[in-house]
Amino acid sequence: MTGAKRVGILGATGTVGQRFILLLSEHPIFTIHALGASSRSAGKAYKDAVKWKQARPIPSKVANLEVKACDAKLFKDCDIVFSGLDADVAGEIETAMLKEDIAVFSNAKNYRRDPTVPLIVPTVNSDHFDLIAHQRKLNNLKKGFMITNANCSTTGLVVPLKALQDAFGPLSQVIVHTQQAISGAGYPGVPSLDILDNVVPHIGGEEEKMEWEVKKILGGVAANKASFTHLENTRVSATCTRVPVLDGHLESVSIKFANKAPSVEQVYEVLENYKSEAEKLGCYYAPEKPIVVTRDQDRPQPRLDRENLRGQAVTVGRVRECPVLDIKFILLVHNTILGAAGSSVLNAEIAVAKGLI
């Protein structure tokens, strides 16, 4: 990929925005050009506006950038805008950015169900970029478009599901139980008295997102490239919980195949050999293995495995026969990298490689 692209970051002071800054600060083709946040941060130097919560320091090239209000007119000279905005404010702001003919990569839920907006996990369904020409035509755009990320837990789930669906045919049932890190709730997040020495057995809206998003992501694009075909015969049941872990969502998954079930060893082999289009396109943040397979009985673990391949891979282990369905396994996804900012950045790299930006 060649040719520098100017990027803006919306919600730059938040948890996901900070992760965007770390991922983009040394990127070979994306240059941080503008930072956007709330009106109380606008006009301040970034270092003075942010409560920095990352293990690495604020990159020097960003520290003194002036934070702007999230006004589309102030970002119109950006080639790309990455949005880490909360859903409460994301919809109107992201729409305004799109109307300025900017390529928008959103982490919010607002447009995931829009039938003209691709919901893309970069190592799963990059073929859904095929709908962009139709989206541009509908909105009278020349350069701009909108792509949304999936929910962080959905993102981790669909990577191994895609590998298994491609290899063994349709999945008829998926049951998933998540143990989700506190960083997924943003900052300041879950109160300490609620999460210390505790597990919270409910995350508002999370289960419904997972059960619906899987069907759009693992579906296809219609032959006319003007609509998506959702999975119709795959049922998904999700239970989502919050646990006292900083980063990394752990998921227990059981699946039933519509056709003959593969053996445990066949599942391991498929997962170990799965490839994505992002690798073939030579994208900078594409993991060399979208799925890292471990055969250790006590892995994956958040503290030990969340940073695998720069946080862009899903780690899968404990594959075994399920006495109720067919196969069960454990997966781990870094919720603020592949599950959030990392997906957006890799999606943008794919768009550049495909000549869409």
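Each remark here, short or long, concerns the structure printed above.
What you see is a predicted model; the values in this text were computed from it and never measured. (Residues numbered from 1 in each chain as written. Predicted model: local features only at pLDDT ≥ 70, side-chain atom pairs only at ≥ 80, totals over all residues. Heavy atoms only, no water.)

1. Considerations on the environment of I93
In step 1: Looking at where I93 falls in the secondary structure, it is placed in helix α4 (residues 87-99).
In step 2: On the basis of relative accessibility, which here comes to 17%, the residue I93 falls in the buried class.
In step 3: Linking I93 and G186, residues 93 residues apart in sequence, is a C-alpha distance of 19 Å.
In step 4: I93 has contacts with L10, C70 and L85, leaving out every residue within four places of it along the chain. (Helix = DSSP H or I, 4+ residues; strand = E, 2+ residues; numbered from the N terminus. Buried < 20%, exposed > 50% of the residue type's maximum accessible area, 1.4 Å probe, protein only. Contact = heavy atoms within 4.5 Å.)

2. Section: helix α9 (residues 264-273)
In step 1: Within α9 the residues assigned to the buried category are V267, Y268, V270 and L271. Taken down its axis, α9 places every buried residue within 165° of arc, on the same side.
In step 2: Against α6 (152-168), β12 (291-293), β13 (314-321) and β14 (327-333) lie the buried residues of α9. (Arc of directions from axis to C-beta.)

3. Focus: the packing of α6 against α9
In step 1: Running from N to C, α6 and α9 cross one another at 115°; their axes reach a closest spacing of 9 Å. As summarised for this structure, α6 and α9 are arranged roughly perpendicular, according to the angle between their axes. The two elements α6 and α9 cross, and the hand of that crossing is right-handed. The segment α6 lies against α9, with P160, A163, L164, A167 and F168 engaging Q266, V267, V270 and L271. (Axes fitted to C-alpha atoms, helices over the stretch in contact; angles between N-to-C directions. Parallel < 35°, antiparallel > 145°, perpendicular 65-115°, else oblique. Left-handed = near helix turned anticlockwise from the far one by under 90°.)

4. Comments concerning the pattern of salt bridges
In step 1: Applying the stated criterion to the full structure yields 11 salt bridges.
In step 2: Ionic pairing is found between D166 and K162, a salt bridge with its closest N-O pair at 3.3 Å. Placement of the pair is D166 and K162 together in helix α6, with a separation of four residues, close to one helical turn.
In step 3: Notably, a salt bridge pairs R295 with E272, separated by 3.5 Å at the nearest N-O pair. In this pair, R295 sits in the loop between β12 and α11 (302-305) while E272 sits in helix α9, placing the two residues 23 residues apart along the sequence.
In step 4: With relative accessibility at 29%, the residue E272 sits in the partly exposed group.
In step 5: Each of E265, E272 and R295 takes part in a single network of salt bridges with overlapping partners. (Salt bridge = Lys/Arg side-chain N within 4 Å of Asp/Glu carboxyl O.)

Scope: geometric values only; no functional claims are made or implied.
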